[in-house]
Amino acid sequence: MMKTILITGGAGFIGSHVVRHFVKKYPQYRIVNVDVLTYAGNLENLKDLEHESNYYFIKGDISKIQEVENIFSYYKPTGVIHLAAESHVDRSITNPLAFVQTNVIGTVNLLQTALKYWQDDLQNKLFHHVSTDEVYGSLGETGLFKETTCYDPHSPYSASKASSDHFVRAYSDTYALPVVITNCSNNYGPNQFPEKLIPLCINNILHGIEIPIYGKGENSRDWLYVTDHAEAIDLVFHQGKFGETYNIGGNQESTNLNLVEMICDLMDQELDRDKNSSKKLIRFVKDRPGHDFRYAIDANKIKNELGFKPTYNLKSGLEATIKWYLQNKNWLDKVTSGEYKEYYKKHYQGEK
Ligand code: NAD
Ligand code: DAU
């Protein structure tokens, strides 16, 4: 019988790259993608996989336990790679309950159902929880997040992810459920919804719209190209030790201002516009409440134990990302119509 892996949130940004990676690389696995298709879920991200014989899509809501049970009962997965989440910090500030519902309740529903179906034979089972470095809180000018760093979340998003991580560990410690957790830094690349800084910036430059930078642009993030994250998840899923946590990062730190300026320069080149023309769109706007100052990952554990090495640096990753968005303007136009316009007006222009 084929091994069946349930991937949650596979129609989203990272999930779609993880689904593609597994469907293509492991034809011997049956990949079942469950996604409720929120504003961030988009089946167009997976159009090229529609006819793959080892790929299945189910529209389902992980915050409803009966829906999760139905999937387990029908497909009998032996592995779960759990990415489904509400993922945008700014949205968590205006609507925290949606984050509790999916990120906390949804995760516990999956854990509880996996336990129910797996408990009689825990051999060859694995629950891989995909989490974030934001659970560790904020760094000062120096230092790196290690797997042993204490949790200190500040936003409703990071608090909900921290809570889900705690539940995953609780199911491992209490019921011996085989789990691994990965905590990754900021991802970017094709198919990222343009509410996040990099695609928002690309979209705004393309349309001559101001680029909003929170505060002074001094906050700093550690950027990882999304296909490198998919590769790291593959490594941990297949070779990680049960009960362990692995931090994943690209070792490509940048302040937001520096990052936006890099994007402006690359966009000027790609669009054949005058040098420095995109930088004129930069506007410093009101800071995000509770804005974490700096994230940076110590990725030595996954490097030394599993041999993970990212293939992209920030420059080559941004070049590839910009090229993808410019070649896929239809994708961008579709996702920025409708709900996005309302969100943008409310969030950036203060309209009710
Ligand atoms: P995303 O918002 O692009 O995608 C999330 C997906 O989950 C969407 O397809 C959405 O429809 C689906 N979903 C939401 N609620 C659901 C529910 N109740 N039931 C089923 N599906 C549901 O998010 P992303 O950026 O791809 O992040 C994926 C995961 O990786 C998240 O768990 C996130 O916390 C984590 N992560 C993200 C980053 C990053 O930089 N984006 C970094 C580290 C970790
Ligand atoms: O670190 C991993 C996390 O990275 C993931 O867990 C989250 O799902 C993902 O959204 C991301 O969180 P951030 O808050 O770091 O990403 P975002 O793209 O929203 O913002 C990146 C930085 O840019 C952050 O310091 C806030 C700033 N920013 C963001 C937006 C949307 C701006 O200055 N202006 C903006 O308009």
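To keep things clear, this report deals only with the structure shown in the data block. Everything numeric here is computed off the predicted structure, so don't read it as measured data.

Pairing in this open sheet of three strands is mixed, and the strands run E7-E9-E11 from one edge to the other. The sheet is open, and its two borders are formed by strand E7 (186-188) and strand E11 (253-255), each paired with just one other strand. Between one strand and the next, the sheet's axes are offset by a mean angle of 45 degrees, whatever the strand orientation. In the sheet, E7 pairs with strand E9 (residues 220-225) via three bridges, with the strands oriented parallel. Looking at the pairing, Asn187 lines up with Leu224 of E9.

Lining the immediate environment of ligand 1, one finds 29 residues, of which Ile14, Asp35, Ser87, Tyr157 and Lys161 sit closest. Contact distances for ligand 1 include 2.6 Å between an oxygen atom and a side-chain N or O atom of Tyr157. A distance of 2.7 Å separates an oxygen atom of ligand 1 from a polar side-chain atom of Lys161. Contact with the protein chains removes 96% of the 840 Å² of surface that ligand 1 exposes when unbound. Those elements giving two or more residues to the shell around ligand 1 turn out to be helix H1 (13-25), strand E5 (126-132), helix H5 (156-175) and E7. It is E5 that provides the largest number of residues to the shell around ligand 1, a total of three residues.

A separate point is a nonpolar patch on the surface. Taken together, the side chains of Leu97, Val100 and Ile105 make up a nonpolar region of the molecular surface, amounting to roughly 260 Å² of accessible area. Assignment of secondary structure puts Val100 in helix H4 (residues 96-118). Take Val100: its relative accessible area is 36%, and that puts it in the partly exposed class.

With parallel pairing, seven strands are arranged side by side in an open sheet as E3-E2-E1-E4-E5-E6-E10. Two strands lie at the open edges of the sheet, namely strand E3 (55-59) and strand E10 (245-248), each paired on one side alone. Ignoring strand direction, the axes of neighbouring strands in this sheet form an average angle of 20 degrees. Two strands pair when backbone bridges link them, and strand E1 (residues 3-8) and strand E2 (residues 29-35) are joined in this way by six bridges, in the parallel orientation. Residue pairing in the sheet places Thr8 in a bridge with Val34 of E2. Across the sheet, H5 touches E5, strand E6 (179-184) and E10, and the angle it forms with E5 is around 155 degrees.

Reading the values: rules and limits
- Residues numbered from 1 in each chain as written.
- Chains lettered and ligands numbered in written order.
- Predicted model: local features only at pLDDT ≥ 70, side-chain atom pairs only at ≥ 80, totals over all residues.
- Heavy atoms only, no water.
- Pairing = 2+ DSSP bridges.
- Helix = DSSP H or I, 4+ residues; strand = E, 2+ residues; numbered from the N terminus.
- Axes fitted to C-alpha atoms, helices over the stretch in contact; angles between N-to-C directions.
- Near = heavy atom within 4 Å.
- Polar contact = N/O pair within 3.5 Å; in protein donor to acceptor, adjacent residues only side chain to side chain.
- Areas by Shrake-Rupley, 256 points an atom, 1.4 Å probe, with all protein chains shown as cover.
- Patch = residues over 30% accessible without salt bridge, like charges linked within 9 Å, V, L, I, M, F, W, Y side chains within 5 Å.
- Salt bridge = Lys/Arg side-chain N within 4 Å of Asp/Glu carboxyl O.
- Buried < 20%, exposed > 50% of the residue type's maximum accessible area, 1.4 Å probe, protein only.
- Contact = heavy atoms within 4.5 Å.

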